[in-house]
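Coordinate analysis (summary)
Listed here are the chains, written in short residue letters.
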Amino acid sequence: MNHSEKAQLRPAAIAGGKFGSVKLTLGVILTVIAAFCALFLGRYGLTPLDTLRILLSQVTGTADAWPAMTYNVIFRVRLPRVLADILVGGGLTLSGATYQGIFKNPLVSPDLLGISAGACVGAATAILMGLGSTGIQIYALAGGLLAVFLSMAIPRLLKNDSTLMLVLSGVIVSGLMNAIIGILKYVADVDTQLPEIIYWQMGSLANVSPEKVLSVFPAMLASVVVLFLMRWRVNIMSLGDTEAAALGVNIKVTRGVLILASTLLTGCAVCISGIVGWVGLIIPHLTRLIIGQDNVRLMPLSFFVGAIFMLFIDTMARIIIAAEIPLSILTGVIGAPLFFWLLMKTRTRL
């Protein structure tokens with residue numbers, strides 16, 4: 001490409017960058033609006049104005065002017081849940097977008113390497129041991145990380161570091177973990193432990209607390225920062241191993257760091273919400289329709305689109321009926337038709 005051709009393309013690239021910045025800003029604004037709506041919607045009714053005044057009371061020092069019940073609903077129940085929605089939805093979507101870029105496969109989801117199945121094994125083990133919610137959270141994270149460690153160890157054992165071998169290793173580990181989950185369900189008490197395991201597998205943020213959110217926030221924030229800083233490398237990795245190596249990228253190190261950050265992000269999300277399906281698979285596709293294939297712009301926007309989606313799903317789970325609906329039921333009901341629609345929109349490119 002000569003100098004004149006580059007000069008012609010430069011204004012279009014600048015315009016595309018500015019347009020992407022506008023969309024990202026809009027995504028941030030819509031996330032804040034969705035989070036605010038989630039704070040006043042629910043069975044304990046609040047008006048938007050009262051909700052805003054209660055939030056501002058922390059700044060103005062007039063917190064005592066509100067009933068203790070109202071104050072606790074906002075700051076002890078709904079605000080931690082809203083923050084968890086943002087972290088879980090954004091984290092799963094960002095991980096999904098990263099995995100799809102690394103493995104050059106639009107059907108890849110964050111549980112590709114068995115992290116969800118491993119987290120289920122850890123959570124089920126903690127439930128059988130009666131360790132409580134904190135123990136379940138710790139064991140779920142440990143189980144997910146163990147599954148990914150095994151998935152990454154198999155290619156090294158076989159001395160084959162190809163992407164395909166890593167994917168097949170994930171299938172092997174997922175199958176093993178699912179078999180272990182079956183055993184744990186079989187030996188669980190049918191009246192107490194088994195329902196708790198099944199409910200955890202269906203996903204819920206009903207029992208989230210400020211302490212749970214704070215316990216995973218540093219690790220999730222660090223993972224998000226790493227992925228944001230390395231998102232341009234995902235573009236290079238999506239070209240293939242040969243092309244990436246020709247451009248001077250250390251494939252093993254880059255892939256390892258990206259997978260580690262995505263895995264940690266997914267593991268932290270799963271350990272506080274349980275298994276939430278479809279989010280990490282379909283929301284990256286939806287974001288591509290909005291902003292295109294460039295991961296430099298796609299990955300930041302995908303975080304906020306995922307957060308908005310999870311805020312909507314969790315709010316619906318709380319208000320549709322008196323009993324709270326598990327998250328995976330709603331994500332499945334909404335996600336399957338949405339994925340079909342996305343396939344219809346992109347069928348000419350498949």
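Our subject in this report is the structure included herewith. Bear in mind the structure is a predicted one, so any value in this text is a computation, not a measurement.

All right, on to the overall build of the chain then. Along the backbone of the chain there are 14 helices and zero strands. Along the first, second and third principal axes, the C-alpha atoms of the chain reach 70 × 50 × 40 Å. Expressed as a percentage of its 350 residues, the buried residues of the chain come to 46%. Of the contacts formed within the chain by residues at least 6 apart in sequence, a portion of 74% connects residues at least 24 apart. With an accessible surface of roughly 16900 Å², the chain has 70% of that area assigned to carbon and sulfur atoms. Distance between charge centres in the chain, computed from 24 positive and 15 negative side chains, equals 11 Å.

So, on to the nonpolar core. Phe103 and Trp200 are the most contacted members of the largest nonpolar core, which has 87 residues in total. No other element matches the 12 residues that helix H13 (residues 295–319) contributes to this core. Those residues within four positions of phenylalanine 103 in sequence are excluded, and the remaining contacts are Val108, Leu112, Thr163, Leu166, Val167 and Ile259. The next biggest cluster of nonpolar side chains, apart from the first, holds five residues, and it includes Phe40, Ile54, Ile74 and Phe75.

Secondary-structure assignment places alanine 179 in helix H6 (residues 163–187). A residue is classified by how much of its surface remains accessible, and alanine 179, at 43% relative accessible area, is partly exposed.

Taking 1.5 Å per residue, 15 residues should reach 21 Å; helix H4 (residues 115–129) reaches 21 Å between its end C-alpha atoms and fits that length. Of all 15 residues in H4, 12 are buried, a share of seventy percent or more. Those residues of H4 lying buried are Ile115, Ser116, Ala117, Gly118, Ala119, Cys120, Val121, Gly122, Ala123, Ala124, Ala126 and Ile127. Against the buried residues of H4 lie helix H5 (132–157), H6, helix H7 (193–202) and helix H11 (251–273).

Cut-off values and rules
Within each chain, residues carry numbers counting from 1 in the order of the written sequence. Only residues with pLDDT of at least 70 are given local features in this predicted model, and only at 80 or more are side-chain atom pairs given and counted; all residues enter the totals for whole chains, interfaces and linings. As a rule here, side-chain values come from all non-hydrogen atoms in the structure, and water together with hydrogens is ignored. Think of it this way: any DSSP run of H or I at least four residues long counts as a helix, any run of E at least two long counts as a strand, and we number them from the N terminus. Using a 1.4 Å probe on the protein chains alone, a residue whose accessible area is under 20% of its type maximum counts as buried, one over 50% counts as exposed, and one in between counts as partly exposed. Residues count as neighbours in contact if any of their non-hydrogen atoms are within 4.5 Å of one another. Only the protein chains shown count as cover for residues, and the accessible areas themselves come from Shrake-Rupley with a 1.4 Å probe. By the counting rule applied here, Lys and Arg register as positive and Asp and Glu as negative, while His and the ends of each chain are not counted. Lys charges are placed at NZ, Arg charges at CZ, Asp charges at CG and Glu charges at CD. Here the nonpolar core consists of buried residues drawn from Ala, Val, Leu, Ile, Met, Phe, Trp, Tyr and Cys, with membership extended through side-chain atoms lying within 4.5 Å. Multiplying 1.5 Å by the residue count of a helix minus one yields the expected span of that helix.

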